[in-house]
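What follows is the residue order along each chain.
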Number of protein chains: 2
Amino acid sequence: MWSVIKRYLIGKPLKTSEEGDQKLGRFKALALLSSDALSSIAYGTEQIVLVLATLSTAAIWYSLPLAGLVLILLLALVISYRQIIHAYPHGGGAYMVSSENLGKTSGLIAGGSLLVDYMLTVAVSVSAGTEAITSAIPALYNHRVPLAILIVVLITAMNLRGLRESASFLMFPVYLFVAVITLLIIVGIAKIALGMAPFHATATVGAIVPGITLGLLLRAFSSGSSSLTGVEAISNAVPFFKKPQAQNAAGTLALMGALLGFFFAGITFLNYWYGIIPVEKVTVLSQIGTSVFGKGFLYYLLQFSTAFILALAANTGFSAFPVLAYNLAKDKYMPHMYLAKGDRLGYSNGIMTLSIGSILLITLFNGETSRLIPLYAVGVFIPFTLSQTGMIIKWNRERPKGWFTKSISNFVGAFISFSIFAILLFYRLNEIWPFFIIMPVMLFIFHKIHDHYQKTALQLRLDHSVPIVYEGNTVVVLISNVTKVTNQALNYANSIGDNVIAMHVSFDENPEKEAEFMIEFKKNYPDVRLVNLHSSYRTIIHPVVRFVKLVEAKSTQKGFTTTVLIPQFLPKKPWQHILHNQTSLRLRAALVAKENIVVSTYSYHFKK
Amino acid sequence: MWSVIKRYLIGKPLKTSEEGDQKLGRFKALALLSSDALSSIAYGTEQIVLVLATLSTAAIWYSLPLAGLVLILLLALVISYRQIIHAYPHGGGAYMVSSENLGKTSGLIAGGSLLVDYMLTVAVSVSAGTEAITSAIPALYNHRVPLAILIVVLITAMNLRGLRESASFLMFPVYLFVAVITLLIIVGIAKIALGMAPFHATATVGAIVPGITLGLLLRAFSSGSSSLTGVEAISNAVPFFKKPQAQNAAGTLALMGALLGFFFAGITFLNYWYGIIPVEKVTVLSQIGTSVFGKGFLYYLLQFSTAFILALAANTGFSAFPVLAYNLAKDKYMPHMYLAKGDRLGYSNGIMTLSIGSILLITLFNGETSRLIPLYAVGVFIPFTLSQTGMIIKWNRERPKGWFTKSISNFVGAFISFSIFAILLFYRLNEIWPFFIIMPVMLFIFHKIHDHYQKTALQLRLDHSVPIVYEGNTVVVLISNVTKVTNQALNYANSIGDNVIAMHVSFDENPEKEAEFMIEFKKNYPDVRLVNLHSSYRTIIHPVVRFVKLVEAKSTQKGFTTTVLIPQFLPKKPWQHILHNQTSLRLRAALVAKENIVVSTYSYHFKK
């Protein structure tokens, strides 16, 4: 039943050998690896303006210098990630770089942050995508949480079916978005140049805004820096590039940085010039779109390509999370189940975990992007800081050619990332505190798991002692009455056993039945040793377990193994299971928990 | 965890031998066996008046002649049940009497009707009890469904704890109710006699009510006859009486009949004289109480003793249903699980089934007594008719002294019961139709179950052929890698096996790992035959099952048995289970479903 539904939703299992292998050129790589970064301009400017507008709309002009700061930050990150690309051509995720250079704990902090952050990537991207849709279709506004969950479920299903991140059709929405945003900026500036869009800013640059504080500006800056999330994606994917891999990857990263910078600057400028004020139900980008394009075809194209690239950005979470979970599981910090591939060759357990986590986040934060952003930012800039710091250590240890320049550029990256983290910590602790509860809990769990796997491996290690040769074996057969099953179970027991004991449990309430059974058994099996146990309660489990443990002790003394054989009926139709007592299942569970006892199930199959 | 909660709610298990045995005198028996019958006067009169008032309040005077008819019916039923008491001193439920004299199908119809009816007994009694409470405390009116469900849950818990129907404290509410109702009738009539309660009837007896039809009167009569439910209880409980059992039981039945008749007549008369009109939120009995006692202590005593005896009436359902289910299960028409006694010596499965069924009914019918009554009546009068008819057949077959008189009195009982059934069928089909869907479904299920148990017994019967002596046995051990577990599992396999095969599954994705394993295994176990299976998919189940079936075919040819040994890890703490793949469980399930294969579990217990 469940397997039929599963087949229908997920598709038939694929052979392991069907896994493809395809290398990426720059053009395709840009599309496939930059959706997370590029899509963040859909909410980046808005996040800055939102914070500033809490003081007054006049403060919005500050978004221009803040955007400048973000662009400097972008430049620094691109330069330092190019270093990582060259240093880790096999793909250097923050988890690996930090573990290798700063020690396991830093690696685990980076890894744990990223696990949470991928959930936030999905939650933020899908929430922002939903906002793009509801800006265009206001009627859907009240259904945005279910809509967002629906989108997550669709992306999950596609990934369980085995959507490759490399699927060519995924390039289309990225380049469409790039084209539409480029058009938006060009048309917007052209309109200004031609005098068709008069200056509407809420206050000109340099205007004095009463009440402005450094804290507010830093909070706005930290929100805007969320536009930089996703920059690291290319550095993790170096092995998927065509050769020369490092050069191609570095080139793609530079191109992506340029696009991102241009878009972010352009949108922030248009927002300032057109005097857009953030409102509740329509995104800032949507308002800019209306001002520049009017409410025509191009506006709707803008909204839907925005929604689409945001869905794609969420999808990058679905590529990255299972791989990171796989790496943590391989290092024995997460359960082995994250190592297993599903029917369609995806890491289904990772996909499902991410899906459930992000749906939880969307529900918890009511699908509001701006409430998710601070957590998202802290989750990004901690691993950024750690991996950049790791790189400094690496350069200092290895001292390759030009190591000092390399160190400096990574230092700038680390410093900026850490600064944003510090800003978040000082000015937005009321929003990011859950992170500091989740992180220690995750570290604790990672270590508990690691500890268990370590102990397991030690206990299982072969110690090359002389193999034990047992003298024989004792088989205890559970008999409830004298039937064909008894016959066959005893025949089987004789085939494997040196010492066969039939065990029967009698209940106090029916002494005649007990006597009857004893006579019938002795008549049919005069040679088999029968032990009749009495149960004062209405359960066979306790007396059986007690008796079997006695038998086991004796057997072990003699150098015998002990096997308990439990006969079980298998009806022809599943509904008939309810007609038979399932004592055997509970008895199995109780006996399996005892040491030195092998539990065997003899199944009697009904023909009718 | 669950077992701790269970212990707390239900109490510690009792020994089978702790079951008590206690015989009932008339005084105690009257209290314990008549709560169902006596409590029905709480709603009996109301049900007649409710139907009449749908025409006009003037029609209420008809309740007097209709009550007369009900009293005649009561007399006939008491006489005919006295016959059953004498004929079936071991307790003659409708299921047994009908099965024995009319054939199995009639017995099953009677049994099935009663199973449903006991659920209705609980639903009706608890609903009526809740109405008695909400009449006195109107604030609870909107919470009557949860209140009713709470009462059912409490009664269920008491029964699971092993409340004996014979518990002496249960006598108190019955005699309290008897005393309060007697007082109500005496005070009510005294007030009339002393002229303190002027004649207030809506219309005097004999007044012509326009629009009155035979149909309406019969519908009112059929509702009123619901007061007669519970009359059969004493005839089912003859074995619990002190000796001479039959005489004591018959005497108790007569006494109960007299009380019931007196109460029913008295309440109907007071209702008429005081001119009570049924209203939505206050029961008729509560209104009579207010008129007679005023809203003082006696009024509240009336309401709460009414609620209490109704809860007790529901409790009789909890005694009767599990016993009937036990009898049906003994005859193999219901699953064996209804034969098993729970920790506290009650038939827990029957108790739980009844509880769930009645909660479902209360929820479905929104706790409205009047909507449940017609179904309740049809479920009672079908088995009444069948068992009375069965008695006629019995007298005619056995022809004891006075058989003809006996036959006549049972004929009258059968005739009246059948007439009420016919009235319900013709005039209230729109309310009782679900019964005619449930009944055939139940009969179908009874027969399906019986059929299965019959076939099972036939298949299991020992055919005294020569026992097969197997030549030896093949043991297939599932090996995933070379560890201590491998060592121990192979040692065990050698202890029982004549032919041990190690079986390993390799996945296509990792050929180096495969070669490594092969070398390590051969180095450690040069003498063990190793079979390496390839899986194109990421599952071991299909290749293992395919291979084991091949081995089984060969073994069977050689006269060998086949055992599959699956090693399994048992972590020290339950949470650690999630850290180990549970493939072994799924593999067990797949192999157990195959014939001629015994599945053994070798458990490796982690110490740390």
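Residues numbered from 1 in each chain as written. Chains lettered and ligands numbered in written order. Predicted model: local features only at pLDDT ≥ 70, side-chain atom pairs only at ≥ 80, totals over all residues. Heavy atoms only, no water.

### A word on the sheet that holds strand β5 (residues 597-605) of chain A
Across a sheet, paired strands are connected by hydrogen bonds in the backbone, their directions being either parallel or antiparallel. Strands sit in the order β3(A)-β2(A)-β1(A)-β4(A)-β5(A)-β5(B)-β4(B)-β1(B)-β2(B)-β3(B) across an open sheet of ten strands; the sheet is mixed. If you trace the sheet from one side to the other, it starts and ends with β3 (529-535) of chain A together with β3 (529-535) of chain B, each paired once. Pairs of neighbouring strands in the sheet enclose a mean axial angle of 25°, with direction left out of account. Bridge analysis of strand β4 (residues 560-570) of chain B against strand β5 (residues 597-605) of chain B gives nine bridges, and the strand direction is parallel. Looking at β5 of chain B, one finds that Phe-569 of chain B is bridged to Tyr-604 of chain B. Together, β2 (499-507) and β3 of chain A form the strand contacts of helix α20 (residues 511-524) of chain A, whose direction differs from that of β3 of chain A by roughly 170°. (Pairing = 2+ DSSP bridges. Helix = DSSP H or I, 4+ residues; strand = E, 2+ residues; numbered from the N terminus. Axes fitted to C-alpha atoms, helices over the stretch in contact; angles between N-to-C directions. Contact = heavy atoms within 4.5 Å.)

### Observations regarding the packing of aromatic side chains
All names here are of chain B. Considering all chains together, one arrives at 40 aromatic pairs over all chains under this definition. Measuring from ring centre to ring centre gives 4.5 Å for Phe-27 and Tyr-175, while their planes differ by 5°; the resulting arrangement is stacked. Within this pair, whereas Phe-27 is found in helix α2 (residues 26-33), its partner Tyr-175 is found in helix α9 (residues 171-193), the two being separated by 148 residues in sequence. A residue is classified by how much of its surface remains accessible, and Tyr-175, at 22% relative accessible area, is partly exposed. With a centroid separation of 5.8 Å and 65° between ring planes, the pair formed by Phe-199 and Tyr-272 is classed as edge-to-face. Here Phe-199 is found in the loop between α9 and α10 (214-224), whereas its partner Tyr-272 is found in helix α12 (residues 245-273), with 73 residues between them in sequence. (Phe/Tyr/Trp six-rings, centres within 6.5 Å; stacked < 30°, edge-to-face > 60°. Buried < 20%, exposed > 50% of the residue type's maximum accessible area, 1.4 Å probe, protein only.)

### Describing the pairing of β5 of chain B
Among the nine residues that make up β5 of chain B, nine are buried, leaving the element largely enclosed by the rest of the structure. The side-chain alternation of β5 of chain B yields two buried faces, one formed by Ile-597, Val-599, Thr-601, Ser-603 and His-605 of chain B and the other by Val-598, Ser-600, Tyr-602 and Tyr-604 of chain B. Here β5 of chain A pairs with β5 of chain B via three bridges, running antiparallel. Bridged to Ser-600 of chain A within β5 of chain B is Ser-600 of chain B. In this fold, the crossover linking β4 of chain B to β5 of chain B by way of helix α22 (residues 583-592) of chain B has right-handed handedness. (Right-handed = clockwise from strand over helix to strand, strands pointing away.)

### Brief notes about a nonpolar patch on the surface
Residues and elements named next belong to chain A. On the surface, Leu-429, Trp-433, Phe-436, Ile-437, Ile-438, Val-441, Phe-444 and Ile-445 cluster together into a nonpolar patch covering about 750 Å² of accessible area. Topologically, Phe-436 is positioned in helix α18 (residues 429-460). For Phe-436, a relative accessible area of 34% gives the class partly exposed. (Patch = residues over 30% accessible without salt bridge, like charges linked within 9 Å, V, L, I, M, F, W, Y side chains within 5 Å. Areas by Shrake-Rupley, 256 points an atom, 1.4 Å probe, with all protein chains shown as cover. Salt bridge = Lys/Arg side-chain N within 4 Å of Asp/Glu carboxyl O.)

### Considering the environment of Pro-335 of chain A
Mapped onto the elements, Pro-335 of chain A comes out in the loop between α14 (297-330) and α15 (348-364). In this structure, the C-alpha to C-alpha distance between Pro-335 of chain A and Ile-449 of chain A, residues 114 residues apart in sequence, is 7.1 Å. Excluding anything up to four places from it in sequence, Pro-335 of chain A contacts Ala-329, Ile-449 and Tyr-453 of chain A together with Ile-578 and Leu-579 of chain B.

### Observations regarding the nonpolar core
Formed by 146 residues in total, the largest nonpolar core has its most connected members in Leu-52, Val-126, Ile-181, Leu-328 and Phe-446 of chain B. Discounting residues that sit within four places of it in the chain, Phe-446 of chain B has contacts with Leu-108, Gly-112, Leu-115, Leu-328, Tyr-333 and Met-334 of chain B. Among the nonpolar cores identified, the runner-up in size contains 143 residues, and Ala-31, Leu-74, Ile-84 and Ala-307 of chain A belong to it. (Core = buried A, V, L, I, M, F, W, Y, C linked by side-chain atoms within 4.5 Å.)

### Description of the packing of helix α5 (residues 63-87) of chain A against helix α16 (residues 369-398) of chain A
Residues and elements named next belong to chain A. At a closest axis distance of 11 Å, the pairing of α5 and α16 adopts a crossing angle of 55°. Classified by the interaxial angle, the pair formed by α5 and α16 is oblique. Between α5 and α16 lies a crossing of left-handed hand. For the pair formed by α5 and α16, the contact residues are Leu-77, Ser-80, Tyr-81, Gln-83, Ile-84 and Ala-87 on the first element and Phe-384, Ser-387, Gln-388, Met-391, Lys-394 and Trp-395 on the second. Residues of the contact of α5 with α16, tallied by class, amount to seven nonpolar, four polar and one charged. (Parallel < 35°, antiparallel > 145°, perpendicular 65-115°, else oblique. Left-handed = near helix turned anticlockwise from the far one by under 90°. Nonpolar A, V, L, I, M, F, W, Y, C, P; charged D, E, K, R; others polar.)

### With respect to the relation of the copies chain A and chain B
Both copies of the chain are related through a single rotation about an axis accompanied by a shift along the same axis. Taken as rigid bodies, chain A and chain B are interconverted by a rotation of 180° and an axial shift of 0.0 Å, the fit giving an RMSD of 0.1 Å. Here the transformation between the copies is reduced to the relation of a two-fold axis. Taking C-alpha positions as reference, the residue of chain A nearest the rotation axis is Ser-600 of chain A, located at 2.0 Å. Comparing interface residues between copies, 100% of those in chain A also sit at the interface in chain B, which points to an isologous, same-surface contact. (Least-squares fit on C-alpha atoms with pLDDT ≥ 70 in both.)

### Let's talk about the interface of chain A and chain B
Listed by partner, the interface residues are 75 residues for chain A and 76 residues for chain B. The contact between chain A and chain B buries some 6,600 Å² in all, and 57% of this surface belongs to carbon and sulfur atoms. Taken as a group, Gln-459, Leu-460 and Arg-538 of chain A account for 11% of the area that chain A buries against chain B, more than any other trio of residues on that side. The interface formed by chain A and chain B contains two salt bridges. In this structure, Lys-607 of chain A engages Glu-595 of chain B in a salt bridge whose closest nitrogen and oxygen atoms are separated by 3.1 Å. The interface formed by chain A and chain B contains 33 residue pairs in polar contact (both at pLDDT 80 or more). (Buried area = accessible area lost by both parts, 1.4 Å probe. Polar contact = N/O pair within 3.5 Å; in protein donor to acceptor, adjacent residues only side chain to side chain.)

### Description of the confidence of the model for chain A
The predicted model of chain A has a mean per-residue pLDDT of 88, with 97% of residues at 70 or higher. Across the predicted assembly, pTM comes out at 0.77 and ipTM at 0.79. (pLDDT = per-residue confidence, 0-100.)

### Quick look at unusual backbone geometry
Here the bond from Lys-243 of chain A into Pro-244 of chain A is cis, since omega is -5°, no more than 30 degrees from zero. Mapped onto the elements, Pro-244 of chain A comes out in the loop between α11 (233-236) and α12 (245-273).

### Structural notes on the pairing of β4 of chain B
All names here are of chain B. Extensive coverage of β4 is indicated by the burial of ten of its eleven residues. Pairing geometry for strand β1 (residues 472-478) and β4, over six bridges, is parallel. Residue Val-476 lies in a different strand from β4, and its bridge partner there is Val-564.

### Examining the pattern of salt bridges
All names here are of chain A. Within this structure, the stated rule accounts for twelve salt bridges over all chains. Its salt-bridge partner being Lys-394, residue Glu-398 comes within 3.0 Å of it at the nearest N-O pair. In this pair, Glu-398 and Lys-394 are both assigned in helix α16, four residues apart and thus about one turn of the helix distant. Salt bridges here are not isolated pairs; linked through shared partners, they connect Lys-394, Arg-397 and Glu-398.

### Some details on α15 of chain A
Residue and element names in this part refer to chain A. Between its first and last C-alpha atoms α15 spans 24 Å; for 17 residues at 1.5 Å apiece the expected length is 24 Å, and the two agree. Of all the residues in α15, the buried ones are Gly-350, Ile-351, Leu-354, Ser-355, Gly-357, Ser-358, Leu-361 and Ile-362. Taken from the residues just after α15, Asn-366 is the one with a positive phi, measuring 55°. (Expected span 1.5 Å × (residues − 1).)

### Let's talk about helix α9 (residues 171-193) of chain A
An α-helical turn contains 3.6 residues, so a residue and the one three or four places further along point in the same direction. All names here are of chain A. Look at α9: 33 Å from first C-alpha to last across 23 residues, which is about the 33 Å you get at 1.5 Å a residue. For α9, the set of buried residues is Met-171, Pro-173, Val-174, Phe-177, Val-178, Val-180, Ile-181, Leu-184, Ile-185, Gly-188 and Ile-192. Residues of α9 that are buried make contact with α2 (26-33), α3 (35-39), α4 (41-53), α12, α13 (284-293) and α14.

### Concerning the side chain of Ser-555 of chain A
All names here are of chain A. Position of Ser-555 among the secondary structure elements: in helix α21 (residues 541-558). Looking at Ser-555, the relative accessible area reads 2%, which means it is buried. What Ser-555 contacts, discounting residues up to four positions off in sequence, is Thr-474, Phe-560, Thr-561 and Thr-562.

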